[in-house]
Amino acid sequence: KRSRSSRRRSRSRRRSYSNRRGSARRRDDGRFREVPKHMVDKRFEGTMKMIDRNKGIAFIQCDETRPVFDRDIFVDMQRLPEHVKYVGDPVSFKVVVGRKGYPEGESC
């Protein structure tokens, strides 16, 4: 019978991402560790898809980022310029990986 410590070790090895070969940017759960190199410091053009003023959040729809991240870009309402107020408004932004590992809009 295995001891608990050996089971813990095998589980931690299973969750470890450091043993992978290459530069995996995407984790198994859909979150990211870093923005792909070809997207760093690049400005993207998108449109506002959803705005929730009560929560202070919004999502940007962008055809260039969608194939890479498989999702819309989250953005905090405080980062949006004043002229962006409605769904469908155009917005320019940079992509960063947020605290939770999902893409976020920055420098809007």
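By convention here, each chain's residues receive numbers from 1 onward along its written sequence. Under the rules for a predicted model, residues below a pLDDT of 70 receive no local features and side-chain atom pairs below 80 are neither given nor counted, while totals for whole chains, interfaces and linings still include all residues. Excluding hydrogens and water, the side-chain figures rest on all heavy atoms present in the structure.

Undergrad: An account of the confidence of the model for the chain is needed here, citing residue identities and associated values.
TA: Confidence of the predictor at the level of single residues is given by pLDDT, which spans 0 to 100. In this model, the chain carries an average pLDDT of 80, and 73% of its residues clear a pLDDT of 70 or more. Secondary structure elements follow DSSP: runs of H or I of four or more residues count as helices, runs of E of two or more count as strands, with numbering from the N terminus. Per-element averaging of pLDDT across the chain places helix 1 (residues 4-15) at the bottom with 51 and strand 2 (residues 57-61) at the top with 96. Should any heavy atoms of two residues lie within 4.5 Å, those residues are counted as being in contact. In the predicted structure, residues 12-24 sits below a pLDDT of 50 and forms 7 contacts with residues beyond four places in sequence or in another chain.

Undergrad: Report on the nonpolar core, specifying residues and quantitative values.
TA: Residues Met48, Ile60, Leu80, Val91 and Phe93 are the most contacted members of the largest nonpolar core, which totals 17 residues. Sorting the residues of this core by element identifies strand 1 (44-52), strand 2, strand 3 (73-76) and strand 4 (90-97) as the ones contributing at least two each. We define the nonpolar core as a collection of buried residues of types Ala, Val, Leu, Ile, Met, Phe, Trp, Tyr and Cys that are connected through side-chain atoms lying within 4.5 Å of one another. Residue exposure (1.4 Å probe, protein chains only): buried if accessible area is under 20% of the type maximum, exposed if over 50%, otherwise partly exposed.

Undergrad: Describe the packing of aromatic side chains, naming the residues involved and giving the relevant values.
TA: Geometry of an aromatic ring pair is reported as the spacing of the ring centres plus the angle between the planes. We call Phe, Tyr and Trp rings a pair once their centres come within 6.5 Å, taking the six-membered ring for Trp, and we label the pair stacked below 30 degrees between planes, edge-to-face above 60, and tilted otherwise. For the coordinates displayed, the defined rule picks out 3 aromatic pairs. Geometrically, the ring pair formed by Phe32 and Phe69 is edge-to-face, given 4.9 Å between the ring centres and 70° between the ring planes. Of this pair, Phe32 sits in the loop between helix 1 and strand 1 while Phe69 sits in helix 2 (residues 66-69); the two residues are 37 residues apart in sequence, bridging distant segments of the chain. Its relative accessible area of 7% is what places Phe32 among the buried residues. Their ring planes at 35° and their centres at 5.9 Å tell us that Phe44 and Phe93 sit as a pair that is tilted. With Phe44 in strand 1 and Phe93 in strand 4, this pair connects stretches of sequence that are 49 residues apart. The pair formed by Phe44 and Phe93 is uniform in burial state, with each residue classed as buried.

Undergrad: An account of the environment of Ser107 is requested, with residue identities and associated values reported.
TA: Relative to the helices and strands, Ser107 is located in the segment after strand 5 (103-106). When its relative accessible area of 38% is taken as the criterion, Ser107 is described as partly exposed. Taking C-alpha positions, Ser107 is 7.0 Å from Arg79, a pair spaced 28 residues apart along the chain. Setting aside residues no more than four positions away along its own chain, Ser107 makes contact with Arg43, Ser92, Phe93 and Lys94.

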